Amino acid sequence: MNKIILILKREYLTRVRKRSFMVMTILGPLLMAAIMIVPIYLATRTNETKTVAVLDESGVFYEKFKDSDNIRFHYLVSDITSAKANFTKSGDHALLYIPKTEVTLPSNAILYSENNVNINVKTYIKNVMSKQIEELKLEAKLKDLQTDVQHPVQVDDILRSIKTNIDINTMKIGEDGKESKSYTEVSMAIGMFSGILIYFFIFLFGSQVMRGVIEEKTNRIVEVIISSVKPFQLMMGKIIGVGLVGLTQFLLWVVLTFGIVTAVTSSFTGKADKKSDTDSMVVDKPSINSGHLNLQKAVQQDTGENMNEALDVINTINFPVMIGSFLFFFIFGYLMYAALFAAIGGAVDSESDTQQFMLPITIPLILAIVMAQFVIQDPEGPVSFWMSVFPLTSPVIMMIRIPFGVPVWEVGISMLFLLLGFLGTTWLAAKIYRTGILMYGKKVSYKELWKWLRYK
Amino acid sequence: MELFSARQVTKHYSNHLALDQVSIDVPEGSIFGLLGPNGAGKTTLIRIINQILAPDEGELFFRGQHLKPSDIEKIGYLPEERGLYKKMSVGEQALYLAQLKGLDKNEAQKRLKFWFEKFEMKGWWNRKVEELSKGMQQKVQFLVTIIHKPDLLIFDEPFSGFDPINANMLKEEILSQKEKGATIIFSTHNMASVEELCDHIALINNSKVILKGAVREIKKTYKTNTFKLAYNTYEGDLQTLLPASFQVSGREQDSDHRMADIRIPAESSPNDLLNILLPHVTLFGLNEVIPSMNDIFIRAVTDQNSSLQTPR
């Protein structure tokens, strides 16, 4: 055991110290941050004028939505069914529906659109609504004060009590008029992202294991080492060591990407604040505090809200299962494939000989990625089910399915099979590896590998 | 007392028998030569001793006890196919290999420092292996083989690839390890080094041990009672002077002397030979012909090969 740790440490340290590791660690987050920032940036910068149809059943917001540079509002007088039916033909960017409320003031609305709603539009609507509601509340409060002079009231209390948070749900309306909750998109994104991440992780670090084994073989150091440790220890030390390199890189990516994204977004929203502040000084002084500051706050809130929505989605499909299974499939998927990559490395003399053995390993992985889009269309179907149980495809496919909600027993079966697959491939790989690393200058065939498996 | 013994060790590969009932005994403190042509099974046996391979049948003993996994820390092994991590620094690598043999880090560092000084490689610690010459790399390899002070040292073809100066240094080092009490097994084709170094040998051919024992004893059994005679003044064939039981062979001549190898019957002594010849020749020298390990090797191997072929 001690020796596995020694081996693991060497594998880890030599790789982490490499220049290529540093480069990857810096480039990865830059790329990912760019992918995340650019759409947000573009969304806030767009100059196109959007029209929003408003169907206000509560009547509270009539004429309150003022046209601005980029957003125009027009009011509908109809019911929601026909409004939705007409929406696709109207060419409007979005349809804002504020349902009638009986006792309280309205505090939520639904925003229908064909595509994702522009973030500025959403923020603006939210601000107008909350301002209007707050005003109404304040009016009511003041009326109360006039009638009830005996009780002194703190201004703070009033301010706190009128504070309103507006919920705007976004719904998608398809070309066929079908509605779908827009958070399946979040599921899809999370599923695809984790599936692809596992796929890349397996490929990138699995082949590093393979290259490491080949290196030891061509350097002729392997026999020196296995006279000190068991070949199995050497193999596992390498696999775990490289795996930890992968995890380190992954963690660094997450932390750095998060850091860059927050730094960049706060810097450009900060600039926008200053500009709007100076504008508002000239135009309408009194609203500095309420209106524009609110707008700016809302922009920040909105990103937080997106996060909340995403969390909501995960919550509906069981948060501990999601995180737990991601780690499980991430780690065991890697371990299973890495053992196979190690076996290939052991069997061949140089990297150019690996082709024929790589094929059976890469086919299930590539198949999983190719099938991913079908799985996303039909996460409950038989193809999805079987591919998420078969250990060679399950790490990718199961992770795509899980955000859509998978029964716990299915996840359990899939994990069990993956565990068995891991034990099976490791046992198989250890046998091939052990024989292969001592073979030099021999062109190895599948028949030969079969013989190695039966050696004592 | 035997440090290491193998009893009836047999190892099959898929389509051939690599070792067939091989038994060897390596006495403590000796240098044991494992000889044999290419493909005879030497490396397989060495790998079995190092527990890299498991035998199909047979037993292995280390100091009278069954060989156990922890014994690998008492063995130092320099394989025939040997190398180092090219991108790793010399010192770090030596430290790693020493730790794999069970040394703790501080002890390993201390001993390595000593050896780096002894081998005049102090400045190499931080250099990458790929920057070293082949001879330098071999020094590092040798050093990590002996760093944990093993009881048993195993060298597989240690002299292959060494230049004469380094080969000589290696030989000296092997002998000094022996003096320090280590037992050494080495496999080689180089018969000259066997003559110089080995106390005991085992000759393996076609997966079987065909000859084993102390070098001195083996030489004795291979002696043929042949003498090399250097003489002068007699022009004719010596055989005409001698009875038929004395066989003359290997006649040679240089500028000063004639020479002949004469095999005398077992019951006779060299004195009988001289009694017959002295009246006729001027004698310059008489030496007993002792077979070299090279001759013994060739004879033993060809004998076995032909005996294998005749029944067919």
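Residues numbered from 1 in each chain as written. Chains lettered and ligands numbered in written order. Predicted model: local features only at pLDDT ≥ 70, side-chain atom pairs only at ≥ 80, totals over all residues.

Colleague: Please clarify how the overall build of chain B should be interpreted in this entry.
Modeller: When helices and strands are tallied, chain B shows 9 helices and 14 strands. For 312 residues, the compact-globule estimate of 2.2 N^0.38 gives 20 Å, and the C-alpha radius of gyration of chain B, at 25 Å, exceeds that figure by more than 25%. In terms of overall dimensions, chain B has C-alpha extents of about 75 × 45 × 35 Å along its principal axes. The 312 residues of chain B split such that 33% are buried. A sequence separation of at least 24 residues applies to 72% of the contacts in chain B between residues at least 6 apart. (Helix = DSSP H or I, 4+ residues; strand = E, 2+ residues; numbered from the N terminus. Rg over C-alpha atoms; globule rule 2.2 N^0.38 Å. Buried ≥ 20, exposed ≤ 12 C-beta atoms within 10 Å, placed from the backbone. Contact = placed C-beta atoms within 7 Å.)

Colleague: What's the story with the domain arrangement of chain B in this structure? I'm lost.
Modeller: By a frequent convention, interface size equals the accessible area lost on bringing the separate parts together. What the domain assignment lists for chain B is domain 1 (2–220) and domain 2 (224–288). Computed over C-alpha atoms, the centres of domain 1 of chain B and domain 2 of chain B are 45 Å apart. (Domains from an automatic or database assignment.)

Colleague: Just to check I follow, could you spell out the packing of helix α2 (residues 90–100) of chain B against helix α3 (residues 105–118) of chain B for this structure?
Modeller: Packed helices, taken two at a time, are described by the angle their axes make and the gap between the axes. Residue and element names in this part refer to chain B. For the pair α2 and α3, the least separation of the axes is 9 Å and the interaxial angle reads 125 degrees. When the interaxial angle is binned, α2 and α3 end up oblique. In this structure, α2 crosses over α3, and the sense of that crossing is right-handed. Residues Gly91, Ala94, Leu95, Ala98 and Gln99 of α2 form the contact with α3, whose own contacting residues are Lys105, Ala108, Gln109 and Leu112. Residues belonging to the contact of α2 with α3 are distributed by class as follows: 5 nonpolar, 3 polar and 1 charged. (Axes fitted to C-alpha atoms, helices over the stretch in contact; angles between N-to-C directions. Parallel < 35°, antiparallel > 145°, perpendicular 65-115°, else oblique. Left-handed = near helix turned anticlockwise from the far one by under 90°. Nonpolar A, V, L, I, M, F, W, Y, C, P; charged D, E, K, R; others polar.)

Colleague: Hey, could you run me through the environment of Leu244 of chain A in this one?
Modeller: Here Leu244 of chain A lies in helix α8 (residues 231–283). Expressed as a C-alpha distance, the spacing of Leu244 of chain A and Val23 of chain A, which sit 221 residues apart in the sequence, is 18 Å.

Colleague: Honestly, the nonpolar core in this entry has me stumped. Any pointers?
Modeller: Soluble globular proteins: nonpolar side chains tend toward being buried together. Residue and element names in this part refer to chain A. Core analysis: the largest hydrophobic core is formed by 126 residues, its most contacted members being Ile239, Ala338 and Ala342. It is helix α10 (residues 319–347) that provides the largest number of residues to this core, a total of 14 residues. Not counting the four nearest positions on each side in its chain, Ala338 is found in contact with Phe205, Gly206, Val209, Ile239, Val242 and Gly243. Counting 22 residues, the second largest nonpolar core, distinct from the first, contains Phe61, Phe73, Leu111 and Tyr112. (Core = buried A, V, L, I, M, F, W, Y, C linked by C-beta atoms within 7 Å.)

Colleague: I keep staring at the sheet that holds strand β5 (residues 65–66) of chain B and nothing clicks. Help me out?
Modeller: Within a sheet, adjacent strands bond to each other through the backbone by hydrogen bonds, running parallel or antiparallel. Residue and element names in this part refer to chain B. Overall, antiparallel pairing links the 4 strands, which are arranged β2-β1-β4-β5 in an open sheet. One side of each edge strand has no neighbouring strand; the edge strands of this open sheet are β2 (17–27) and β5. Alignment of strand β4 (residues 57–62) against β5, held across 2 bridges, turns out to be antiparallel. Note on β5: the bridge partner recorded for Phe61 is His66. (Pairing = 2+ DSSP bridges.)

Colleague: Which parts of the structure should I look at to understand unusual backbone geometry?
Modeller: Keep in mind that most residues, glycine aside, have a negative phi and that most peptide bonds are trans. For Arg220 of chain A, which is not glycine, the phi torsion reads 65 degrees and is therefore positive. On the neighbour-count criterion, Arg220 of chain A (16 C-beta atoms within 10 Å) is partly exposed. We note that Lys149 of chain B has phi near 50 degrees; this positive angle belongs to a residue other than glycine. For Lys149 of chain B, the position within the fold is in the loop between α4 (134–146) and β7 (152–156).

Colleague: How should I be thinking about the confidence of the model for chain B in this particular structure?
Modeller: Parts of the model with low pLDDT should not have their predicted coordinates read in detail. Overall, the prediction assigns chain B a mean pLDDT of 88, with 99% of residues at 70 or greater. Prediction confidence for the complex, expressed as pTM and ipTM, is 0.74 and 0.82 respectively. (pLDDT = per-residue confidence, 0-100.)

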